[in-house]
Amino acid sequence: GAGLAGLFGVVVAGAGDAVAVSDGEARFTYAGVDAAAGVLAGRLAGLGVGRGSLVGVLMERSAGLVVALLAVVKAGGAYVPLHPGWPAAQVEFVLGDTGAGVVVAGAGLAGRLPGGVVVVECGGVPGVPVAPGGGGAGGGGAGAGDLAYVMYTSGSTGRPKGVAVTQGNVVALAVDECWGDGSQGRVLFSAAHAFDAATYEVWVPLLSGGEVVVAPPGVAGPGVLRELAGVRGVRSVHLTAALFEVVAREDPGCLAGAWLVQAGGEAVSAGAAAAVAGACPSVSVVHCYGPTETTVFATRYLVPAGVAVAGGGVLPVGRPMSNTRVYVVDGWLRLVPPGVRGEVYVGGAGVARGYLGRAGLTGERFVADPFAGDGSRMYRTGDLARWSAGGELVFAGRADDQVKIRGFRVEPGEVAWVLGRAPGVGQAVVTVREDVAGERRLAGYVVPAAGGRVDGGVVAQWLAGQVPDYMVPASVTVVGEFPLTVNGKVDKAALPVPGPAGGGGGRAARTPAEELLCGLFADVLGVPAVSIDDSFFELGGHSLLAMRLIGRVRDALDVEPTIATLFKTPTVAGLAAALGVDKPDDALAPMLALRPQASGRALYCIHPGSGLSWCYSGLLRHLPREVPVYGLQARALREPGALPASIADLAEDYAGQIRGVQPEGPYHLLGWSFGGTVAHAVATRLQELGAEVGVLALLDCSPRGRADASLEADLADQRRVLLAVFDGIEFDAEGEPPADIAEVLELLRKQGSAFSNLGEAEVRRMIDIFRGNAQLLQTHNPGRFSGDVAHFTATRGRPSGLADARTAWQPYVLGTVEEHLIDCTHSGMTQPRPLSDIAKVLGGKLGC
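All of the points below concern the structure found in this document. Owing to the predicted nature of the structure, the values given are computational and were not obtained by experimental measurement.

1. A short note on the overall build of the protein chain
Alright, step 1. Check the secondary structure of the protein chain and you find 24 helices and 33 strands.
Alright, step 2. By the burial criterion, 56% of the 848 residues in the protein chain qualify as buried.
Alright, step 3. Taking as baseline every contact in the protein chain between residues at least 6 positions apart, the subset at least 24 positions apart corresponds to 69%.
Alright, step 4. As presented, the protein chain carries roughly 32500 Å² of accessible surface, and 52% of it is formed by carbon and sulfur atoms.

2. Things to note about the nonpolar core
Alright, step 1. In this structure, Phe536, Leu557, Leu619, Leu670, Phe726 and Leu842 are the most contacted members of the largest nonpolar core, which totals 77 residues.
Alright, step 2. Among the elements that take part in this core, helix α13 (residues 512-525) stands out by supplying 9 residues, more than any other.
Alright, step 3. Dropping the residues within four chain positions of it, Phe726 is found in contact with Val744, Leu748, Phe755, Leu758, Val763 and Met766.
Alright, step 4. Ranked by size, the runner-up nonpolar core spans 71 residues in total, among them Val11, Val165, Val204 and Val296.

3. Regarding the pattern of salt bridges
If the charged atoms of two oppositely charged side chains come close together, the side chains can form a pair.
Alright, step 1. Within this structure, the stated rule accounts for 18 salt bridges.
Alright, step 2. In this structure, the salt-bridge partner of Asp146 is Arg51, at a minimum N-O distance of 3.0 Å. With a gap of 95 residues between them, Asp146 in the loop between β6 (118-121) and β7 (147-153) and Arg51 in the loop between α2 (30-46) and β3 (54-58) connect regions that are remote in the sequence.
Alright, step 3. What makes Asp146 buried here is its relative accessible area of 13%.
Alright, step 4. Given the relative accessible area of 55%, Arg51 is considered exposed.
Alright, step 5. For Arg685, the salt bridge goes to Glu652, with nearest N and O atoms at 2.6 Å. Of the two residues, Arg685 sits in helix α18 (residues 674-688) while Glu652 sits in helix α17 (residues 647-661), which places them 33 residues apart along the sequence.

4. What to know about the packing of helix α1 (residues 4-15) against α2
Alright, step 1. Interhelical geometry of α1 versus α2 gives an angle of 140° and a closest axis separation of 9 Å. The orientation of α1 with respect to α2, classified from their angle, is oblique. The interaxial crossing formed by α1 with α2 has left-handed handedness. Contacts between α1 and α2 involve Phe8, Val11, Val12 and Ala15 from the former and Tyr30, Ala31, Val33 and Asp34 from the latter.
Alright, step 2. By residue class, the composition of the contact of α1 with α2 is 7 nonpolar, no polar and 1 charged.

5. Topic: the packing of aromatic side chains
Alright, step 1. Overall, the coordinates contain 13 aromatic pairs when judged by the stated rule.
Alright, step 2. Aromatic side chains Tyr289 and Phe395 sit 6.4 Å apart centroid to centroid with 45° between the ring planes, which places their arrangement in the tilted category. Residue Tyr289 is found in strand β13 (residues 284-289), and its partner Phe395 is found in strand β21 (residues 393-398); the two are separated by 106 residues along the sequence.
Alright, step 3. Relative accessible area serves as the criterion here: at 10%, Tyr289 is assigned to the buried category.
Alright, step 4. For Phe395, a relative accessible area of 31% corresponds to the partly exposed category.

6. A closer look at the environment of Ser208
Alright, step 1. Within the fold, Ser208 resides in the loop between α6 (197-206) and β10 (211-214).
Alright, step 2. Classification of Ser208 as partly exposed rests on a relative accessible area of 32%.
Alright, step 3. Here the side chain of Ser208 touches Val204 through a polar contact of 2.8 Å, landing on its backbone oxygen.

7. Quick word on the sheet that holds strand β32 (residues 789-794)
Alright, step 1. With respect to topology, 7 strands assemble into an open sheet ordered β27-β29-β28-β30-β31-β32-β33, the strand pairing being mixed. Lying at the two open borders of the sheet, with one neighbouring strand each, are β27 (591-595) and β33 (817-822). When the angles between neighbouring strand axes are averaged without regard to direction, this sheet yields 20°.
Alright, step 2. Relative to β32, strand β31 (residues 693-699) is paired through 3 bridges, and the arrangement is parallel.

8. Observations regarding the side chain of Asp700
Alright, step 1. By the element assignment, Asp700 lies in the loop between β31 and α19 (711-716).
Alright, step 2. There is a polar contact of 2.9 Å between the side chain of Asp700 and the backbone nitrogen of Ala794.
Alright, step 3. Here His826 takes part through its side chain, which lies 2.6 Å from a polar atom of the side chain of Asp700.
Alright, step 4. The residues touching Asp700, leaving out its near neighbours within four places in the chain, are Ser673, His791, Phe792, Thr793, Ala794, Arg798, His826 and Met829.

9. Quick notes on the pairing of β10
Alright, step 1. Here β10 shows two buried faces, one formed by Glu211 and Val213 and the other by Val212 and Val214.
Alright, step 2. Two strands pair when backbone bridges link them, and strand β1 (residues 19-23) and β10 are joined in this way by 3 bridges, in the parallel orientation. Bridged to Ser22 within β10 is Val213.
Alright, step 3. Bridge analysis of strand β9 (residues 186-189) against β10 gives 4 bridges, and the strand direction is parallel. Looking across to β10, one finds that Val187 is bridged to Val212.
Alright, step 4. A crossover connection joins β9 to the parallel β10 through α6; in handedness this β-α-β unit is right-handed.

Conventions adopted
Residues numbered from 1 in each chain as written. Predicted model: local features only at pLDDT ≥ 70, side-chain atom pairs only at ≥ 80, totals over all residues. Heavy atoms only, no water. Helix = DSSP H or I, 4+ residues; strand = E, 2+ residues; numbered from the N terminus. Buried < 20%, exposed > 50% of the residue type's maximum accessible area, 1.4 Å probe, protein only. Contact = heavy atoms within 4.5 Å. Areas by Shrake-Rupley, 256 points an atom, 1.4 Å probe, with all protein chains shown as cover. Core = buried A, V, L, I, M, F, W, Y, C linked by side-chain atoms within 4.5 Å. Salt bridge = Lys/Arg side-chain N within 4 Å of Asp/Glu carboxyl O. Axes fitted to C-alpha atoms, helices over the stretch in contact; angles between N-to-C directions. Parallel < 35°, antiparallel > 145°, perpendicular 65-115°, else oblique. Left-handed = near helix turned anticlockwise from the far one by under 90°. Nonpolar A, V, L, I, M, F, W, Y, C, P; charged D, E, K, R; others polar. Phe/Tyr/Trp six-rings, centres within 6.5 Å; stacked < 30°, edge-to-face > 60°. Polar contact = N/O pair within 3.5 Å; in protein donor to acceptor, adjacent residues only side chain to side chain. Pairing = 2+ DSSP bridges. Right-handed = clockwise from strand over helix to strand, strands pointing away.

Now the structure itself:
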């Protein structure tokens, strides 16, 4: 049968002027790509590359990479993808295992190659003049039975396996009947070429007269996908299941310009498919399945455009491709009936030749197909599945320990084998954990060598130099010994909950924005806490998690970070500075801009008794990004002695500041504790000035303060005042709060509180502010607000005999007092979970 170069030559002959590859603004015709590949093929042939030769290709994704892959097959050889992100040890192993003595390298990448190989540098810009011997069909006599490429996957014995895929395998994929719908017309090339999805993204369009649309470097996140699908008109997109889930959660509408979106590599949830289908009614969603050994795809499950996705769980993986046979069998290779779980075997035109140089392993996994009757082989996948009553294949897990991490196949045993070779390590085990729903991560555990000590972070850094990043555990935990089962095996279920692979001991947040970012980092990474000096990537972050973080930061702070910014400044401190969200000197400003640039009507939050409004930064994680948020803070934080004479004076001051930011209403106000009383006063003052007030939200507050005789004594007790100023602080087991300010700040530092960055002078001002505000409440006579009030009441630890919110506030409200019960204490009202519940109500009232 014809090989890849020959079939590509047929396309060139019939459509030479059509666009074959586009890369940014550049467009390259089939004739131009063919000519450029011919030049490079001639250079390779001059170095002895011919039929059966293996040639390494170390390049970034680009139009030039497409030319390089085509050039290798035009010379008669097979390419060996080498990812620029691989550590040197991985590159050296693959070159040694394949015996590839020639490597095509992109500009500036030759230095990553070991000695002893011949390097052909390729700028790779199509359209260069045709040198003698360039152009033409080429192929060096190679045909369908010759290799197209050797791609490496994880191995269970500590040695990666090179899957040898023939040109006939790739041709079978390219001519499959499923592409008859024209979805190969403009295909996005966004995968790494060392990942088998690139086979589909490059060869299916090239062999059908379509266009390869090259995505910019890095992971194609929602912003990139929106640009490519909406502006550049990409017709077909393939995403790993993990990236598809991120897109579905963060910005499903970014795919609206595409026609077909395929997701595979892991199970795809029905919820994610429903989100994309709902946001993009003209997009068809396909859940595809297929190991590297079966040339990318073996089955497809199609959700046609406009069809609703029902139910929970995961999507089926569908029906076999037209050139593929799929069997579900029991332990005796007998076909099982629908509904019965069995192991999946795949036969047909996509089954690869085997594992390069691994005859024994090839014989184990590539076995005779007893159902075909034509002497062909089938591949034993190790995957479990069942047939549905409707004839759809439903994935049901693995028959071994193999897992998919971000779409890459990983054998934990291989990672453990490498981890066990780390300096100072005696034993190593690697497991898979899912501490964050839907996010599977590797967790490493090591026992130090006899008489030695080892640091988990150092071990993780060493491992990163040995294996690709998707194989580096998110955590490496040092234990004294491994727990064992009664059979003497490692009891993986009894291993401790891991901490991050690195980090710890850094500075606490200094500003509300840094505190917010610390929380977002911790949420996305699934770790308890993050300092402003911890690196996102050293804590186990990767490109997919980075996109999730970017989406969360964008929504919380209404900024537009890029993944490049995060790679350049991967710490909270660095990212906050790069984004310009705030500065430490601005943290005590009278008007604290928490999210100033959004387009909607702002929410103005009034400080509690301490004078600081940092506590409201948590709202940004839950309120829609179009809502600007400001915090009003006590002037005395910056101006010692600038204490107000009354709450009425405060209301006058704050109403003026708010109108300075927003000249016209409606104004939306919120306040917690003392701040709620002031927010009510500000609202009535704004109405007196003829302004419209929209939302007035009060968080667990009273119209008046305490009137009992013990108040003066409590305000004189610095321990009690500090406890109130830093509401929610955790004290030692004795429960006695320290009276010394320095001790309190040290305790706050240990707890990672942003307050720990305050100086003693600022804390003394907060004490004065709190005492003054408590006194102001005693003489305050609330006015009457003409409108409705939403009051959020803390239900835990509520003092007996305290009037309910409606009874307390109704005399001062002409409208309705609407009470919302929040399951927390008064001091816990601005913690993440209560704020999430509060923001759900606020979002509706703000019209979001």
